[in-house]
2 protein chains.
Amino acid sequence: MTFICSARWTTTPDARDRVLDALMSLAAASRQEPGNLAYVVHVSDEDPGVLQIFENYVDEAAFDAHVASEHFQRWAVREAIPLLVTRERAFSRSVDAV
Amino acid sequence: MTFICSARWTTTPDARDRVLDALMSLAAASRQEPGNLAYVVHVSDEDPGVLQIFENYVDEAAFDAHVASEHFQRWAVREAIPLLVTRERAFSRSVDAV
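Residues numbered from 1 in each chain as written. Chains lettered and ligands numbered in written order. Predicted model: local features only at pLDDT ≥ 70, side-chain atom pairs only at ≥ 80, totals over all residues. Heavy atoms only, no water.

### Side note on the packing of aromatic side chains
Okay, so step 1: Within this structure, the stated rule accounts for nine aromatic pairs over all chains.
Okay, so step 2: Relative to Phe 91 of chain B, the ring of Phe 63 of chain B lies with its centre 5.4 Å away and its plane at 65°, an arrangement referred to as edge-to-face. Remark: Phe 91 of chain B occurs in strand β4 (residues 84-96) and Phe 63 of chain B occurs in helix α2 (residues 60-68); sequence separation between them is 28 residues.
Okay, so step 3: Taken together, the aromatic side chains of Phe 3, Tyr 57, Phe 63 and Phe 91 of chain A make up a single cluster linked through ring pairs. (Phe/Tyr/Trp six-rings, centres within 6.5 Å; stacked < 30°, edge-to-face > 60°. Helix = DSSP H or I, 4+ residues; strand = E, 2+ residues; numbered from the N terminus.)

### Considering the relation of the copies chain B and chain A
Okay, so step 1: Least-squares fitting of chain B to chain A yields an RMSD of 0.0 Å, with the superposition described by an axial translation of 0.0 Å and a rotation of 180°. One copy is carried onto the other by what is essentially a two-fold rotation axis. Residues of chain B ranked by C-alpha distance from the rotation axis are headed by Phe 54 of chain B, positioned 4.1 Å from it.
Okay, so step 2: Taken together, the interface assignments show that 100% of the residues at the interface of chain B recur at the interface of chain A, consistent with an identical surface on both copies. (Least-squares fit on C-alpha atoms with pLDDT ≥ 70 in both. Contact = heavy atoms within 4.5 Å.)

### A word on the pattern of salt bridges
Okay, so step 1: Taken as a whole, this structure holds 10 salt bridges over all chains when the rule is applied.
Okay, so step 2: A salt bridge links Glu 79 of chain A to Arg 18 of chain A; its shortest N-O distance comes to 3.0 Å. With Glu 79 of chain A in helix α3 (residues 70-80) and Arg 18 of chain A in helix α1 (residues 16-31), the pair connects residues that are 61 residues apart, well separated along the chain.
Okay, so step 3: Using a relative accessible area of 46% as the deciding quantity, one classes Arg 18 of chain A as partly exposed.
Okay, so step 4: Bridged by salt links that share partners, the residues Asp 45 of chain A together with Glu 60 and Arg 93 of chain B form one connected network. (Salt bridge = Lys/Arg side-chain N within 4 Å of Asp/Glu carboxyl O. Buried < 20%, exposed > 50% of the residue type's maximum accessible area, 1.4 Å probe, protein only.)

### Let's talk about the interface of chain B and chain A
Okay, so step 1: Counting residues at the interface gives 24 residues for chain B and 24 residues for chain A.
Okay, so step 2: Summed over both sides, the interface of chain B with chain A buries roughly 1,900 Å², with 60% coming from carbon and sulfur.
Okay, so step 3: On the surface where chain B and chain A come into contact, there are two salt bridges.
Okay, so step 4: With a closest N to O distance of 3.6 Å, Asp 45 of chain A and Arg 93 of chain B form a salt bridge. (Buried area = accessible area lost by both parts, 1.4 Å probe.)

### Some thoughts on the packing of helix α1 (residues 13-31) of chain B against helix α3 (residues 70-80) of chain B
Any two packed helices are characterised by the angle at which their axes cross and by the distance between the axes.
Residues and elements named next belong to chain B.
Okay, so step 1: Put simply, α1 and α3 touch, their axes get as near as 9 Å, and they point 165° apart. Overall, the two elements α1 and α3 adopt an arrangement that is roughly antiparallel. Two packed elements cross with a definite hand, and for α1 against α3 that hand is left-handed. The residues of α3 that touch α1, namely those facing Arg 18, Val 19, Ala 22, Ser 25, Leu 26, Ala 29 and Ser 30, are His 71, Phe 72, Trp 75, Ala 76, Glu 79 and Ala 80.
Okay, so step 2: Taken together, the residues of the contact of α1 with α3 break down into eight nonpolar, three polar and two charged. (Axes fitted to C-alpha atoms, helices over the stretch in contact; angles between N-to-C directions. Parallel < 35°, antiparallel > 145°, perpendicular 65-115°, else oblique. Left-handed = near helix turned anticlockwise from the far one by under 90°. Nonpolar A, V, L, I, M, F, W, Y, C, P; charged D, E, K, R; others polar.)

Nothing here speaks to function; it is geometry throughout.
Structure, rendered in structure tokens:
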């Protein structure tokens, strides 16, 4: 059973590129974490203003390590999140691991 | 850029096990498709009645092939979907491939 975080970020048009840049750096570093199985940033055609993130971790402890990591602190907490309009996160567990 | 389908299925408590069984068979077969990158069935603690599916394909054509496959017809169209109460699907594209 893996641990999943599905996030939805919205930002202003002006801040979007800067948030996306930070998110690309965060995604690349997060995928190197030993407990990370997937980190997919995706956008729907209907809702281009909403940045969606699907994150899959081997367990909840691996997710906690992600949140405590320097790259999360740098790219999410200090860079991207202050630029967001809204930020939602939903947690779930896989029924059938990848 | 990959093609993502995020699905949300709800079912009655009585039909849940049968839908999950069909979904496990569908997931296993789908992951063998050449164009599939991920097929993750997940459930949130807050909403145990909602079966969520995160599917990632190399492109939209690979998703179309998935929908046309015998295993989708068998396990989704003929087995699971008739048992569902609601079925939602949202499509998006990765900004930064896995």
